[in-house]
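The residues making up each chain are set out below.
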Amino acid sequence: MPDHLKRQTFLEKARQQGKTVIAIEVPGYNETKNEFYRSRCKDYIFRPLREKLEFLKIVSRDSESRIKEAYEKVEKFTDLVFLYVPMPDLAHHLLFRSLKERIELYKIYNDLGRMIEPLLKKAYRNNYVVLIISDHGFDIKKYYHSSYGFWSLNKDLNWRPKTILNFHSKILELIETP
């Protein structure tokens with residue numbers, strides 16, 4: 001991301017306000033590994049399930065490492081932690097063709113939930129606002145991204161975003177609120 005655009009992100013605006021900000025592999029912002037996974041994903045689409053799962057195991061270990069890093073930052077009461085995990089997107093791109101693959105996809109979601117649960121519990125104990133966003137879903141019938149996303153917030157703010165762009169101002173508002 002060019003510097004002039006990076007300065008417009010809520011991450012940089014929070015830093016300018018003196019907040020402690022951690023960004024872990026955020027696409028377009030500071031990613032170093034995500035493109036490797038995205039570019040390799042196409043090589044596995046038509047491979048046997050065993051090979052797909054071997055590739056996804058590498059992605060899973062990296063996702064778990066990112067989650068542990070986020071946990072450590074939350075433990076230190078960092079003001080803002082932005083974590084990107086590539087697993088759901090990549091798994092959906094690879095596991096869609098058969099019932100066996102869909103069962104493996106289900107297992108991956110369970111594993112991801114197990115990995116992220118301690119982070120979420122720590123964040124809740126530390127009174128963090130936890131916002132989970134997916135910029136898109138996955139339409140398994142079309143084998144492509146859906147036009148809708150998913151988001152979840154652990155505080156009732158009586159607020160509903162219309163697009164993913166609405167999160168920018170809301171996140172800045174949330175980090176300014178004690």
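Scroll up to find the structure.
All residue numbers here refer to positions counted from 1 along the written sequence of the relevant chain. For a predicted model such as this one, the threshold for reporting local features is a pLDDT of at least 70, and the threshold for listing and counting side-chain atom pairs is 80 or more; totals across whole chains, interfaces and linings nevertheless cover every residue. Water and hydrogen atoms were dropped before computing side-chain values, which therefore reflect all heavy atoms in the structure.

Student: Any chance you could explain the overall build of the protein chain here in plain terms?
Tutor: When helices and strands are counted, the protein chain shows seven helices and six strands. Order of helices (α) and strands (β) in the protein chain, N terminus to C terminus: α-α-β-α-α-β-α-α-β-β-β-β-α. Here the globule rule reads 2.2 Å times residues to the power 0.38, and the radius of gyration is calculated from C-alpha atoms. Against the compact-globule benchmark of 16 Å for 178 residues, the protein chain has a radius of gyration of 17 Å, which places it among compact chains. Seen through its C-alpha atoms, the protein chain measures out along the principal axes to roughly 50 × 35 × 30 Å. For the area figures, the Shrake-Rupley method with a 1.4 Å probe applies, and any residue is considered shielded solely by the protein chains shown. Counting only carbon and sulfur atoms, one obtains 53% of the accessible surface of the protein chain, whose full area is about 11300 Å². Taking the average place of the 32 positive charges on the side chains of the protein chain and the average place of its 24 negative ones, the gap between the two points comes to 2 Å. Every helix listed is a DSSP run of H or I at least four residues long, and every strand listed is a run of E at least two residues long, numbered separately from the N terminus. When charges are counted, Lys and Arg are positive and Asp and Glu negative, with His and the chain ends excluded. A charged residue contributes its charge at one atom only: NZ of Lys, CZ of Arg, CG of Asp or CD of Glu.

Student: Would you explain the packing of helix 4 (residues 49-75) against helix 6 (residues 99-125) in this entry?
Tutor: Axes are the key here: two packed helices are described by the angle between their axes and the distance separating the axes. Note on geometry: axes are lines fitted to C-alpha atoms, helical ones only across the stretch in contact, with angles between N-to-C directions running from 0 to 180 degrees. Between helix 4 and helix 6, the shortest axis-to-axis distance is 9 Å and the interhelical angle comes to 5 degrees. One way to sum up the angle between helix 4 and helix 6 is to call them roughly parallel. In this count, Pro and Cys sit with the nonpolar residues alongside Ala, Val, Leu, Ile, Met, Phe, Trp and Tyr, while Asp, Glu, Lys and Arg are called charged and the others, Gly among them, polar. Split into classes, the residues belonging to the contact of helix 4 with helix 6 amount to 14 nonpolar, one polar and nine charged. For classification, angles of less than 35 degrees are called roughly parallel, those exceeding 145 degrees roughly antiparallel, those between 65 and 115 degrees roughly perpendicular, and all remaining angles oblique.

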